[in-house]
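Here's the letter readout for the chains.
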2 protein chains.
Amino acid sequence: MKKFVYQFSEGKKEQADLLGGKGSNLAEMSNLGLPVPHGFTITTEACVDYIHRGFVLQEEIKKQILITLEKMEQITGRRFSDEKNPLLVSVRSGAKFSMPGMMDTILNLGLNDFTVDVLAKKTKNPVFAYDCYRRLLQMFGEVVSQIPKNRFEDQLEYVKKKNSYMSDTELTAADWQYLVKIFKEIYLHETGKEFPQDPKEQLFLAIEAVFMSWMNPRAKVYRSLHHISEKLGTAVNIQEMVFGNTGENSGTGVAFSRNPATGEKGLFGEFLMNAQGEDVVAGVRTPRNITELEVLMPEVYKEFLGIVAKLEAHYKDMQDIEFTIENKKLFILQTRNGKRTPKAAFKIVVDLVESGVLTKEEAIMRVQPEMIAPLLHPVFDEEILKQHIAIGEGLPASPGSTSGQIYFHAAEATLAKARGERVILFRKETSPDDIEGMVISEAIVTSRGGMTSHAAVVARGMGVCCVVGCEELLINEEAKTVHTKFGEVLNEGDLVSIDGSSGKIYLGEIPTEEASENKNLKTVLGWADTCSRMKVRANAETAKDIAAAFSFDAVGIGLARTEHMFFGEERILNMRKLILATDERERNKALATLKEIQKGDFLEIFALTQEKPVTVRLLDPPLHEFLPKTDVEIEVLARELSLSEVEIRERIDALEEVNPMLGHRGCRLAVTFPEIYIMQTKAIVESALALKVQQGINTKVEIMIPLTVEARELAFVKEQVEEAITEVVENSKVDWSCKVGTMIEIPRACLTADEIAQHAEFFSFGTNDLTQMTFGFSRDDAGKFIGAYLDKKLLKNDPFQTLDTVGVGELIRVAIDKARTVKPAMKLGVCGETGGDPESIHFYHEVGLDYVSCSPYRVPIARLACAQANLKK
Amino acid sequence: MKKFVYQFSEGKKEQADLLGGKGSNLAEMSNLGLPVPHGFTITTEACVDYIHRGFVLQEEIKKQILITLEKMEQITGRRFSDEKNPLLVSVRSGAKFSMPGMMDTILNLGLNDFTVDVLAKKTKNPVFAYDCYRRLLQMFGEVVSQIPKNRFEDQLEYVKKKNSYMSDTELTAADWQYLVKIFKEIYLHETGKEFPQDPKEQLFLAIEAVFMSWMNPRAKVYRSLHHISEKLGTAVNIQEMVFGNTGENSGTGVAFSRNPATGEKGLFGEFLMNAQGEDVVAGVRTPRNITELEVLMPEVYKEFLGIVAKLEAHYKDMQDIEFTIENKKLFILQTRNGKRTPKAAFKIVVDLVESGVLTKEEAIMRVQPEMIAPLLHPVFDEEILKQHIAIGEGLPASPGSTSGQIYFHAAEATLAKARGERVILFRKETSPDDIEGMVISEAIVTSRGGMTSHAAVVARGMGVCCVVGCEELLINEEAKTVHTKFGEVLNEGDLVSIDGSSGKIYLGEIPTEEASENKNLKTVLGWADTCSRMKVRANAETAKDIAAAFSFDAVGIGLARTEHMFFGEERILNMRKLILATDERERNKALATLKEIQKGDFLEIFALTQEKPVTVRLLDPPLHEFLPKTDVEIEVLARELSLSEVEIRERIDALEEVNPMLGHRGCRLAVTFPEIYIMQTKAIVESALALKVQQGINTKVEIMIPLTVEARELAFVKEQVEEAITEVVENSKVDWSCKVGTMIEIPRACLTADEIAQHAEFFSFGTNDLTQMTFGFSRDDAGKFIGAYLDKKLLKNDPFQTLDTVGVGELIRVAIDKARTVKPAMKLGVCGETGGDPESIHFYHEVGLDYVSCSPYRVPIARLACAQANLKK
């Protein structure tokens, strides 16, 4: 027969699946010899069996419960309904993962009209005894029979009012006795039955109530939200009651083994004398600092210190411990790993490694990648923040907290910055045109776009705070106003505060606490690097971003975008000339100017990357992104090119695209317009050669061709690029070479990766575009519906943030398999947004990528995730 | 030892791989006992061997040639350089597929300074003998030694001028003798060597020249264009010379066994007396009708008739036969399947089946699907067409030939049509707004877009002639002008003629010949249907299109798009109200109105489809396509909805998308905006129920949900649709049901087809969108670069016309495999543009689809292709 019931002494902490989290920890502590009240656990399998039988508790389970109960009675020397030593127990649910919505606790089960008097006599404390009984009636009524809480509470309030009591402690035995009578009447009236006097009946009803609560709607919703399987079931823990409220020799409290805010070692917690657990939380009485216990009960305190040390050493982690003192005797009711701030988390694991409790590998698995971002950015002063209500909430695109004045246009923002103001840029959405304004802003807010919109990507790259897709705000760029959902109107220059981690926007200024370098984080990440198989690079091309990336110990640059280099006044004018020139001479002049500008850019980049690898992506966006938009710009260009404005407009019109994302861009430009890639390649090679000649730096350039869709296309474009390399290198007579590879970001490229691999020295997966095309979701437009998909659980995640392993991941898997058949040792990486997402990184590790590349401020997160992926069995 | 040389008597027609097309047919005819001049073939393997050895003819091959030559001398009784009976031969190349650019023919090989006199004496015709010799010198010089043709021609011209001859026939023996002397001097001067007098040396040099020509640049380009493998090599045919130019008892000609224009049975051809083959083609003398031969040489004619009949019966196809008569003796020099018009092709196979020569299955394999389109549409009078030069050429989007007057806007086109004019609509590109104008136009011309642009798809569906992507024409819709590349300017109302099969546009009117019903085509398609596994449906939703589809025997409608139904004045206004209404009441009113309109549409459709299956696709395009664009439309809508124009503009702005193709459309609308699909579903079901109740028609509706990307999404939308069905059906108390399925048109849907299949009763692959996303090519924008990809051979086909089996096809294969694991018998079809493309249809047959659905005018093409796919081994 299957074993459905375990005494605490029969279990261990590894049995959370079977005994639940609480049950397995109680078992573990029992076996450690800690003073845990005696008890047993009914397994999660019993729960599943109960549900499968249509909510029926089979006889076998009942039998096992009764046998184990009998053993408990023997061990404790107390028995249900005993006239001298009645057994009282608590009944608690305990699933593998703690969940709200479940039936939680029934205390004092075993009390009835008879044993309440035995208890009163035995403790000489009828107030205590009748209070216990009315608590049972109330909890049982609420939990087992679903009687509304206020039916009981109202009566208690009535008694207090009538007697002008301020607190529950003033009630007399007679008052409690009266309430017991009334509560029993309520029970009868609400359920049509008398409150069960048989403790065994009480017990079975309570157990069934726990099992049933596993299927209640709130629990179901929670599980589906947190991807917890319905098949797990919950366990039930039956434990002998101990009382912290028998008088001044009793008490109850909660303590952490370390400070959960800072991670500092030392007991941290609070307690109350003559109280039950819930009183500490309720806040009616002010709890006392745990250190005071040393004065009050030195023996107990000493024993507790020993237990805390033992538990921490045993669980190898900071513990959150509930205890009760009954007549000077200490009982441990629960222990679990304590919740902590990110700062504390890193401090604790470093301390635990230094004291030999944890290995470095264990330490790495104990911290979460999400804990890192808050350590890299300033945060609002928590107390002051509480006084503010958000006027709008969007997607938290880039973390950080900051205040500043609203501006709507890059030019005005730049002027304000020059005046010394702190600027927050508000835009419906941003485009490459806004770069100058974005760079000097403290924060960026948009009303459109998702987590991978232009604003979000650029801001994350720069480590600038950013909130996107805040549709609650009506941003009118022309009128320079923001309408909030509360009807307020903000104007240019108004002060606001932005929280990039929560996506919230506040009126006025909120002071922040600056992030300082976190030594413990640095230590853990150092360990992580030694435990990783994959390397972490950064997506960066500006001096600021590259410096940030290397300060976070990126091993190289995995994506340096060259299109950002074409914005800025002189640059874009020449780019426009190049695109629109009708005469060869004008075009060549523009090309030559652009090449010199690009050379300057690459010299700057390569001087920073030194001999670290740097992947330079050739021009990617559609040409029309560079075209003039305003009348003034068109006029200037017409003059420069000696064309009429009408002609310029016609050419712009001809370049316009219905779906630019699927349009004339990436290496498609090199098929129709080879001069640009050749110019870029020559600028790259000449810069690298100059650095080698002048400074002896051996730049490790990887030239990346974007948007390949077909092997012959790549072969064609690569030939142009390689000819340009050869030409420059041969002329220079310097010994230098570089790799040429491609981005894999189109479904067809994945499906034909074996053919494409023959022409590429490396692959870098571009998950942004690959996700767009695999889903048919435009990053710029998906904001209109993706929220509904997440709300309705039609999608598990936003696929632009966390890789969709089923669809997009399958294409990546296919591509890797195919590429490896042709070139088993080919270098494979990823440089899309998901390259910095921990869940996605686990996938990339599993499929065998060599590196991930992400925005600079995600590099530390990725380093930790890479190590965790590698350490995970 | 490998056999490199085959006498004609040793080969057969199945050996085209080894002996080439010409060689295998000569062998076949020899074995049939036909009067073929004696000869032998050097195999394609010898050619490949020659190339692999670095252009060296190995001794073994030379040995085999000499041995076979000796046999030939024995059989013919003539010998190289014989003083009485010198052997003269022709040397001809003959690859498996005939190709231009190859060395073709050397005649009279074996002549030299000695044998030319023997020939002159023997024939008593020195003019003939010296003419033959100078021809050899000229052909050998050109072909073997690459001496420019004009070096010889100039000398001939000089002699003619000097003697005031009008034609070559006027030259005397002395003239030819003189030219022989001069030609030999030219040969010496150009090559540094004397013309080889040894016939064996002539022979080997000629054979090597043929083999070498396999690798010449023109041949290489041709092969790569036509996907012919380089490894095939060419064969060489050595054949005894026969002369049609020995006098009035000799002659030469070409004849077809049937009329190649009409297919009528009976000899059809022409001949010349005292002439060589090339003279018939050269056009200097007017050839005589073949029937005249009966009068001139009744014996020969009778023999020829017998041979023609024998060849046709043997090859089971209309033959194109070259013959020569030498001194009243008939020789057959070549036979091959004759080229024919589409009309003739169908007539011929039907006749051949009726006379028992071909089986129906063979007949089906003998016609090409491309032959069908011209039979369905009028064509320009060929003679008159020759006098016109195209003023522009675009993509031939929809066949047909027509003339009419240019209009640029739907409204003006409609007015012109009402005045009785024939209208040609010129647009940069078309949108659903233009539908009214497109419907009444004779032809549509756009300067943008590809073969699957809006204009192309709609026009093909309607069978209207259409040319798209004609970038040579600058269409200015505002100015109402068209600028041609020749500098002409066309204005509104100008007459033009459009050829939708060639993509050419002509000035003025060109008369056409109307297409009439083709009985033979109908017969062949009838046979085809009995030989097919796949069924053919049509993409159609208007009464006109559905009628066309059924006139072409479509078995049902595979795609009835409902969005077209929302255009038209009243409809679109209500659609706009629905989208933009801020108040529930307005929205419900608009919904109710639209539902009644849709019901009318469906009643009309279902009355036509009767009990044939009809797949109705729910709304697919992004909502903003329906929004007002002009100021007037906005004003009207603002008034109707009691909103300000500013509000309307703001809402339009909010719905705008950067990449609408990847935006808020398809079933994504049903996730955020469920009312529309529910309304459509109810309209469908109510219409079907009304037809059942009133007329007893059991409509076979299949409701199709577009753009599914994830199983849970489909489950969610399907539930709404099914609830709507159930509600209407249950209220009606009529017994009726329909299927609900989905389009598979997103890469992710293919990759998760097993999950999706659980919620779908059928799949229809949408290859247009699937291709867009698999390639990352926007149909609307790819015109800018796809031409360059095809020109540079970076892509084999336009993937929007012919399915890309490597990428898109792989996704379809994956989807089918996955779907079949879940539902082995699930109905699978395709309704994208490629559903009507023969090459793609072969793929769909192989992967096991149940049906293809295409535009009505492609239904006959698809029916033939389906049969061919099934009959192909």
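Rules used in this analysis
- Residues numbered from 1 in each chain as written.
- Chains lettered and ligands numbered in written order.
- Predicted model: local features only at pLDDT ≥ 70, side-chain atom pairs only at ≥ 80, totals over all residues.
- Heavy atoms only, no water.
- Helix = DSSP H or I, 4+ residues; strand = E, 2+ residues; numbered from the N terminus.
- Buried < 20%, exposed > 50% of the residue type's maximum accessible area, 1.4 Å probe, protein only.
- Contact = heavy atoms within 4.5 Å.
- Phe/Tyr/Trp six-rings, centres within 6.5 Å; stacked < 30°, edge-to-face > 60°.
- Lys NZ or Arg CZ within 6 Å of the ring centre and 35° of its normal.
- Pairing = 2+ DSSP bridges.
- Axes fitted to C-alpha atoms, helices over the stretch in contact; angles between N-to-C directions.
- Core = buried A, V, L, I, M, F, W, Y, C linked by side-chain atoms within 4.5 Å.
- Buried area = accessible area lost by both parts, 1.4 Å probe.
- Salt bridge = Lys/Arg side-chain N within 4 Å of Asp/Glu carboxyl O.
- Polar contact = N/O pair within 3.5 Å; in protein donor to acceptor, adjacent residues only side chain to side chain.
- Nonpolar A, V, L, I, M, F, W, Y, C, P; charged D, E, K, R; others polar.
- Least-squares fit on C-alpha atoms with pLDDT ≥ 70 in both.
- pLDDT = per-residue confidence, 0-100.
- 1 Å grid on protein atoms, 1.4 Å probe; cavity = no way out; pocket = protein on both sides within 12 Å on 5 of 7 lines; lining within 4 Å.
- Points joined across faces, edges and corners; volume = space filled by probe spheres on them.

Participant: I'd love a proper account of the overall build of chain A, names of residues and values included.
Facilitator: Summing up its helical and strand segments, chain A has 35 helices and 31 strands in all. Seen through its C-alpha atoms, chain A measures out along the principal axes to roughly 110 × 60 × 55 Å. Per-residue burial over chain A gives 59% buried out of 873 residues. Contacts in chain A between residues far apart in sequence, at least 24 positions, make up 68% of those at least 6 positions apart.

Participant: Residues and numbers for the environment of M318(A), please.
Facilitator: All names here are of chain A. For M318, the location among the structural elements is in the loop between α12 (298-315) and β9 (319-326). Relative accessible area serves as the criterion here: at 0%, M318 is assigned to the buried category. In this structure, the C-alpha to C-alpha distance between M318 and T430, residues 112 residues apart in sequence, is 45 Å. With residues up to four places along the chain from it excluded, the contact list for M318 reads F256, S257, R258, P260, E312, R336, N337, G338, K339, R340 and I348.

Participant: Please set out the packing of aromatic side chains residue by residue, giving values where relevant.
Facilitator: Residues and elements named next belong to chain A. Enumeration according to the criterion identifies 36 aromatic pairs over all chains in this entry. Judged by centre distance (5.1 Å) and plane angle (70 degrees), the ring pair of F552 and Y857 falls under edge-to-face. Placement of F552 in the loop between α21 (543-551) and β25 (557-561) and of Y857 in the loop between β31 (851-854) and α35 (859-871) is noted, with a sequence separation of 305 residues between them. What makes F552 buried here is its relative accessible area of 15%. Looking at Y857, the relative accessible area reads 23%, which means it is partly exposed. Taken together through their ring pairs, the aromatic side chains of Y133, F140, Y187 and F195 make up a single cluster. Lying over the aromatic face of W214, R223 brings its terminal NZ or CZ to 4.0 Å of the ring centre.

Participant: Go over the sheet that holds strand β5 (residues 234-240) of chain A with me, naming the residues and quoting the values.
Facilitator: Residue and element names in this part refer to chain A. The 5 strands lie next to each other as β1-β2-β5-β3-β4, forming an open sheet whose pairing is antiparallel. On the outer flanks of this sheet lie β1 (5-7) and β4 (105-109), each paired with one strand and no other. Put simply, the sheet's adjacent strands are angled 20 degrees from each other on average, direction ignored. With 3 bridges joining them, strand β3 (residues 89-95) and β4 adopt antiparallel strand pairing. Its bridge partner lying in β4, V89 is registered against L109.

Participant: Break down the nonpolar core for me, with residues and values.
Facilitator: Taken as a class, soluble globular proteins show a tendency for nonpolar side chains to be buried jointly. Formed by 293 residues in total, the largest nonpolar core has its most connected members in M575(A), F606(A), F763(A), M575(B), F606(B) and F763(B). Filtering out sequence-adjacent residues up to four positions away, F763(B) remains in contact with T742(B), I744(B), A753(B), I756(B), A757(B), A819(B), M826(B), K827(B), L828(B), G829(B) and Y851(B). The next biggest cluster of nonpolar side chains, apart from the first, holds 67 residues, and it includes F40(B), F128(B), F211(B) and A219(B).

Participant: Talk me through the interface of chain B and chain A; I want residue IDs and the actual numbers.
Facilitator: Buried accessible area, meaning the area lost when the parts come together, often serves as the stated size of an interface. Taken together, the 52 residues of chain B in the interface contact 52 residues of chain A. Carbon and sulfur atoms supply 59% of the area buried between chain B and chain A, which totals about 4,700 Å² over both sides. At the junction of chain B and chain A, the tally comes to 6 salt bridges. The partner of D653(B) in a salt bridge is K428(A), with the nearest N and O atoms 3.1 Å apart. For the pair chain B and chain A, the number of links is 30 residue pairs in polar contact (both at pLDDT 80 or more). Elements that contribute at least two residues to the side of chain B that touches chain A include exactly α25 (645-655), α26 (667-672), α28 (711-732), α29 (747-751), α31 (767-775), α32 (783-791) and α33 (808-822) of chain B. Here the side of chain B that touches chain A is composed, by residue class, of 23 nonpolar, 10 polar and 19 charged.

Participant: Describe the relation of the copies chain B and chain A, and please don't skip the residues or the numbers.
Facilitator: Note that the two copies of the chain are related through a rotation about an axis and a translation along the same axis. When chain B is fitted to chain A, the residual RMSD is 0.3 Å, and the transformation amounts to a turn of 180 degrees plus an axial shift of 0.0 Å. As the rotation angle and translation indicate, the two copies are arranged about a two-fold axis. Looking at chain B, 100% of its interface residues are interface residues in chain A too, so the copies touch through the same face.

Participant: With reference to specific residues and values, describe the confidence of the model for chain A.
Facilitator: Averaged over chain A, the pLDDT score is 92; the fraction of residues at 70 or greater is 98%. Across the interface, the model reports ipTM at 0.82; the global pTM reads 0.82.

Participant: So what about empty space enclosed by the protein? Which residues, and what values?
Facilitator: Residue and element names in this part refer to chain B. Within the structure shown, the criterion is met by 6 cavities of 30 Å³ or more. Looking at the largest cavity, its volume works out to about 60 Å³. Along its surface, the largest cavity is lined by A373, H377, S398, P399, R460, G463, Y857, R858 and I861. Class assignment of the residues belonging to the lining of the largest cavity gives a composition of 4 nonpolar, 3 polar and 2 charged.

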